[in-house]
Structures are given as C-alpha cells and as structure tokens.
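# Chain and residue survey
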Amino acid sequence: MATEHMLRMGDGKRIFLTKEQILADLKEGMADAVDLGSIPELSGDELDKLLEIITMPARMVGVEPGKEVPVTHDISTIRLDGDQGNSGVGIPSSRLVGCMMHERAFGADSMELGHIDYSYKPVKPVVAQEMQAMEVCQQNMIIPLLYGAMPNMGLYYTPDGPFENPGDLMKAFKITEAQESMEHAAKHLTRDIVWIMQRMMSAGADGVNFDTIGAAGDGDLYASLHAIESLRKQYPDIYIEAGMAGELVLGLHGEMAYDGVTLAGLWPHQQAPLVAKAGANLFGPVVNTNTSKSFAWNLGRAVTFIKAAVKASPIPCHVNMGMGVGGIPMLETPTIDAVSRASKAMVEIAGVDGI
Amino acid sequence: MNKEETFKKLSDAIVSCKKDAVVAAVQSARNEGIEPAEIIEKGLAAGMNEVGVMFERGKLFLPHVMMAAGAMEAGVSLLEADMPKDAAKKKLGVIVNGTVEGDVHDIGKSIVSTMLQSAGFEVHDLGRDVPLQDFIDKIKETDAGMVGMSALMTTTLPGQREVIEMLKEQGLRDKVKVMVGGAPATQNWADKIGADCYAENASEAVARAKELLL
Ligand code: B12
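This structure is a prediction, so every number in the text was calculated from the model and none was measured.

## Focus: the confidence of the model for chain B
Residue and element names in this part refer to chain B. Per-residue pLDDT for chain B averages 91, and the proportion of residues at 70 or more is 96%. At the level of individual helices and strands, chain B shows its lowest average pLDDT in helix α5 (residues 107-118), which scores 84, and its highest in strand β3 (residues 146-150), which scores 98. In the predicted assembly, ipTM is 0.81 and pTM is 0.87.

## Things to note about the side chain of Ser118 of chain B
Within the fold, Ser118 of chain B resides in helix α5. When residues no more than four places from it in sequence are discounted, the contact partners of Ser118 of chain B are Met48, Val65 and Ala69 of chain B.

## A look at unusual backbone geometry
Each neighbour pair has its own omega, and for Thr158 of chain A with Pro159 of chain A the value is 5°, a cis peptide bond. You will see that Asp259 of chain A, though not glycine, has its phi angle at about 55°, which is positive. Within the secondary structure layout, Asp259 of chain A lies in the loop between β7 (257-258) and β8 (261-262). Even without glycine at this site, Asp143 of chain B takes up a positive phi of about 55°. Relative to the assigned elements, Asp143 of chain B resides in the loop between α6 (132-142) and β3. Among the residues examined, Asp143 of chain B registers a relative accessible area of 67% and is labelled exposed.

## A word on the coordination of the cobalt atom of the ligand
Geometrically, a metal with four donors at the corners of a regular tetrahedron has ideal angles of 109.5 degrees, and one with six donors at the corners of a regular octahedron has ideal angles of 90 or 180 degrees. One donor from the polypeptide reaches the cobalt atom of the ligand: His105 of chain B (NE2), at 2.2 Å. Mapped onto the elements of the fold, His105 of chain B is located in the loop between β1 (94-99) and α5.

## Here we look at the sheet that holds strand β5 (residues 207-213) of chain A
The strands making up a sheet associate through hydrogen bonds between their backbones, and the pairing can be parallel or antiparallel. Residue and element names in this part refer to chain A. The strand order across the open sheet built from five strands is β3-β4-β5-β6-β9, with neighbouring strands paired in parallel fashion. Edge positions in the sheet fall to β3 (111-113) and β9 (282-284), since each of these pairs with one other strand and no more. Mean inter-strand twist for the sheet, computed between neighbouring axes without regard to direction, equals 30°. Relative to strand β6 (residues 239-244), β5 is paired through five bridges, and the arrangement is parallel. Among the inter-strand pairings, Phe210 is bridged to a residue of β6, identified as Ala242. Those strands touched by helix α4 (residues 95-104) are β3 and β4 (145-149), and its axis lies near 175° from that of β3. Where helix α8 (residues 218-234) meets the sheet, it contacts β5 and β6, and its direction lies at approximately 170° from that of β5.

## Examining the nonpolar core
With 154 residues, the main nonpolar core has Met153, Phe210, Val303 and Met346 of chain A together with Leu116 of chain B as its most contacted residues. By residue number, the principal contributor to this core is helix α7 (residues 175-202) of chain A, which donates 12 residues. If near-sequence neighbours (up to four positions away) are discounted, Val303 of chain A is found in contact with Leu42, Leu50, Ala345, Met346, Ile349 and Ala350 of chain A. One finds Ile136, Met166, Val178 and Ala190 of chain B within the second-largest nonpolar core, a separate group that totals 27 residues.

## Quick word on the site of the ligand
In the neighbourhood of the ligand, 39 residues make up the surrounding shell, with Asn86 of chain A together with His105, Asp106, Ser150 and Thr154 of chain B lying closest. One finds residues of chains A and B in close proximity to the ligand. Within the contact set of the ligand, an oxygen atom lies 3.3 Å away from a side-chain nitrogen or oxygen of Glu56 of chain B. At the level of elements, α5, β3, β4 (177-181) and α9 (202-213) of chain B are the ones that each hand at least two residues to the shell around the ligand. In terms of residue count, the dominant contributor to the shell around the ligand is α5 of chain B (five residues). Its residues assigned to classes, the shell around the ligand shows 19 nonpolar, 15 polar and five charged.

Cut-offs applied
- Residues numbered from 1 in each chain as written.
- Chains lettered and ligands numbered in written order.
- Predicted model: local features only at pLDDT ≥ 70, side-chain atom pairs only at ≥ 80, totals over all residues.
- Heavy atoms only, no water.
- pLDDT = per-residue confidence, 0-100.
- Helix = DSSP H or I, 4+ residues; strand = E, 2+ residues; numbered from the N terminus.
- Contact = heavy atoms within 4.5 Å.
- Buried < 20%, exposed > 50% of the residue type's maximum accessible area, 1.4 Å probe, protein only.
- Donors = N, O, S within 2.8 Å, 3.2 Å for Na, K, Ca; no water.
- Pairing = 2+ DSSP bridges.
- Axes fitted to C-alpha atoms, helices over the stretch in contact; angles between N-to-C directions.
- Core = buried A, V, L, I, M, F, W, Y, C linked by side-chain atoms within 4.5 Å.
- Near = heavy atom within 4 Å.
- Polar contact = N/O pair within 3.5 Å; in protein donor to acceptor, adjacent residues only side chain to side chain.
- Nonpolar A, V, L, I, M, F, W, Y, C, P; charged D, E, K, R; others polar.

Structure below.
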C-alpha cells in the first residue's frame, strides 16, 4: 500500500492522502487560481517543492537558514486577552503588556495598536484615549508601532450609520440610490480615517495599518485608497500598511475606479499596483481558504495567487497568514502543521517579503 | 432559427443585462411559437444562472445582477398574457434567510438572498444576528418551504444546528428544507447536523434551492 501523509481539510479535519493525491490536489488548486486570475501556473519544480513541504515528516517546519522574513502583527493585545471568538486566548492583560509581549517575547518585527471594536468609526469618540495609549506604548517600545483598524464601511449604513443600506436598496431595484449611498459612505470613511490618523500621528504613531480593506466591497477599497493618498501627502514619512479582507474585490457598487482602474473584480496581483500608487509602503494580499477542499488544494491555489501578486507589486508584500486565509484551515487556533507549512511555502515559493 | 439558438439568444440577452435586448429576444421567441415556460426556464433562467456564475468569478457586479433580474422580470411579464392566470407570477417557492444569532456578517447572506430573489423565489430576509426563534416564527408566518442560515464564524455555526433541533421540537422539520452556508460551513457539517443541503456560494444556493423546492 502507498504511504499516506497526514494533512487537513480546509475546516481543519485530519485526512490522509498519498503523494499522488496530494499532487493532484495541488495542481487542481493551482488551476483554479490560474483560471480565476488569468495568471501563470507554477513550474514543475515549484509543485515538487510544495509537495515536499506538505509531506515533510516533522509536525512543524521552518524556512531554510538565510530565508527568514519579518513578521508584522495586527490587533495587539486582543490576541492575548480576547476570547476565542476574537481569535484570542483569554489572558487578562493591558494593551501595553500585549504590545510589549509581542515585541520582546514573540519576536514581532512591527506591531499595531488597536481598539477592541477595531473599526475606525468607533475610534472617533475615544480618540483621546487611543492617543494616550499610543504615547505610553511608544515610550516603552522600540519596534515600529502602527495604529490600526478595519475601514469596515458597513458601519456607515443603517442600522449602524447614517446612510440607507445599499443591500436593502439593491433588493428593491433602487440601483442608483444604492450606488449613491456607497459613494456617501466612502467619503465619510476617508474623512474619518484621515482625522483619526492625524491625531494618532501627533501622539507618536509610526504609521497606520489598514486591516481588511474591501470588507464592504469596492467602495471600502475606494475610500481606503483615498485615505492612503491623503495621508501620504500630509505625512511624507508615514509608514502605511494596506491589508486586504479577501482575494476578490466584491463589486457591490460596480463602477468605482481609482487611477482609471475599476475596483470591482480585482484579484491580488491587480490590487498591488493600485495600493502602491496610492502611497502605501506595504501590501497585505489575501487568499481565502475553501473549507471543503484539502490543505494541498488550498495551498496550491494560495501560492499561485500570491506569487503573481508579489511579482506585480512595486512594494513589499506581507501575505496575510492566519485562520482561514493563505491556505491555512479555518479553526480558532490554526494548527501548527498547516501554519508552518503554508508560511514556508509562501516565503520559499511565492517569494513574499514578510508575513 | 432552431430552438437551441433561440434559447442561447435569450440567455445572452440576460447576460447583457439590458432590458430592451431581453424584451426583443422574448418577442421573437414568442413569434417562433415556443412555449412560455420553456422561454423562461431554458432561456431566461439559464441566463440568470450564468450571471450568477460570472458574479462569483468577479466578471459581473451586483448592480449588473440586479439589472439582469429586472430585465428578466420584464421578459416574464411579457409572457404573462400567454400563460394560465397567475402561472407566470407564481413564485418558485418561499424561503426564509438570515444570519444566525451572535453573528453580524451579512454581506454573503445578502448576496444569497438577492440571487434567490432574482431567480424567482419569494425571499424573507431576516437580516443578521437573528434570534433563533425568529427563524421559526417567520417560517410559520410565511409558510416557507425552505430556511437558509448563514454563519461566518466557527463560534456561531452551532446556531444552525439549534434551529434544526427547534424545528424538530415544534414538529416543523418535515415541512421545511434546511439550507446552510457561510465560509466555515461544509457539506460534512451539513450532514452532521442533518441539514438538507449546503451551498458554497450564491449561484450554488440557487441551484440547490431549485433542486429541493421545484
Ligand atoms: C467582512 C468581515 C467582517 C465585517 C462584516 C461586515 C458585514 N456587514 O458583513 C465586520 C468588520 C463587521 C466583521 C466583524 C467581525 N469579524 Co469578521 N470577517 C469579515 C471577512 C473579512 C469577510 C467576510 C465576507 O463578507 N466575505 C465575502 C462574502 C461574499 O463571502 P461569504 O460571507 O463567505 O458568503 C458567501 C458564501 O459563504 C455563501 N453563503 C454565505 N451565507 C450563506 C447562507 C446560505 C444559506 C448559503 C446557502 C450560502 C451562504 O455564499 C456567499 C456568496 O458567495 C472575514 C474573513 C474572510 N475573508 O472570509 C472575517 C471573519 C469571518 N471575521 C472574523 C471575526 C473573528 C470577526 C469579529 C469577531 C472580529 C472582532 N474582533 O470583533 C467580528 C464579529 C462580530 C460578530 N459578533 O459577528 C473571523 C471569524 C473567525 C472564526 N472564529 O470563525 C474571520 C474569518 C476573520 C479571521 N480570519 O479572523 N467581520
């Protein structure tokens, strides 16, 4: 009987596959990315290398010496004191403690201060407290500390915000009204992000992290690109990290454009040049995990997409690696076998500059 | 023109998202003497399916989906005169859809509702963070044939199982089909909790709903 190797399904379930089955899944996942993104295939050598990484006998793997890359962390202490639903481990700790632990114990190369609500809009009423937290963290830390949150444009629609919900308007065939609602929301979102970051910069922030750009579709990306552009103009030295919410920019508006490019329907390799053009220093591409497919299928697909994004990007790419993204299964505590293998593959095959 | 070509023309007209093109294609299909039901099912609805797939692939966007659905409605209403009273207007079935309690992720769920509605189902969208009892109440109120439940987090996924248990307790389980979805849901999960189906995306949800309700 052929040797079987332990790997996982996208939902984390353990499965056992032969080398031939793994290779077949890798190729199928790759083909899906090639088809969707109209991007090149991986070479035979790269597929072999992926197969080798997946079938390595150790439970945990690492990159070859000399290939180490920087790691950036988001949402600071929430990883520690948040509960499982928050992707945290439930250890009571202040944000300062959380940031310093990442710097001094976990080896983070840059870090982010974030708010428990973690969207820009709810930071407005508590911005003074955020500024104070930033100042205290900066006094105690050495690594670059950014301020970060999600653009989360959905908060500007009813029932959470002032503008009529485009989802409801669309369902009622009020297409133009829905698009107008998104345009209004985007203006407010850009304005709020810039306002908040002006204050955080005055409190000593090293820069800003846009986490999960595009979560509310193309309008969310539009607003974020304009905020990046405006911040770059005001602060030539600000460090701007732009991370995506998903692999595809959902076309909820459909006609919004930046620099002449329609935003709806863009894949990671098409997003990268726009983000750079707006003025970001770092791009965080995302590939979603399909929970019904194997780790091999997901990794073959993710590496194909990310390799193309790295190639197209004028700025460094730090790929999003975590629960349900980057080929990693969707589990509250992603398993080390999958996380370490997917990370190694991203560095050694996709050529990412960081994670 | 043979029938296949006519169906293709109807379907292409829907994909173009243009009402005029659809109306013209329906007119000429009618003149060829094709049955209204066939025009709808093999022409217009087939086009709507293609629109769904193109949306999933990022080749068409939500406003286009709505325009295509609007054009389809115009085409169908043109055929009403030829059909038995109410047959054209008759909805494919009634579906209650929502995101389970504790979960505010509703973008995917809303897309599913929109596509089901565009395909001709009567959809009652309960929104997000929906108390589980509300699913049951709405099913009773609308006499729904199917309930769709979305969950985007592993922590809220169990809500789907609870609603199935509640349906059993209230003697409703045999009357409604249960469809589950959302990124962490899988066919395995659907089997485990005894749902009738799982769909990975909105166009698949439409296909599953048609299989189970028609
Ligand atoms: C957008 C988003 C948000 C937005 C949601 C806005 C909104 N109005 O929906 C906001 C910012 C509010 C948000 C909040 C949170 N989020 Co969130 N969010 C996402 C994100 C980035 C994208 C989800 C999305 O909209 N995808 C696009 C749509 C089109 O796809 P979809 O939802 O999968 O839907 C498709 C299919 O699944 C299917 N489908 C969907 N529903 C249904 C229903 C039926 C019946 C059927 C048949 C099919 C079906 O069809 C759809 C169309 O193809 C995901 C990560 C990711 N990339 O998936 C995280 C993610 C889901 N969020 C996560 C978390 C943890 C949270 C928060 C707890 C964060 C926090 N610390 O506060 C809160 C949740 C609060 C709460 N109580 O719910 C985690 C969940 C982890 C887990 N435990 O499972 C994820 C996976 C991110 C991560 N890796 O950590 N989030």
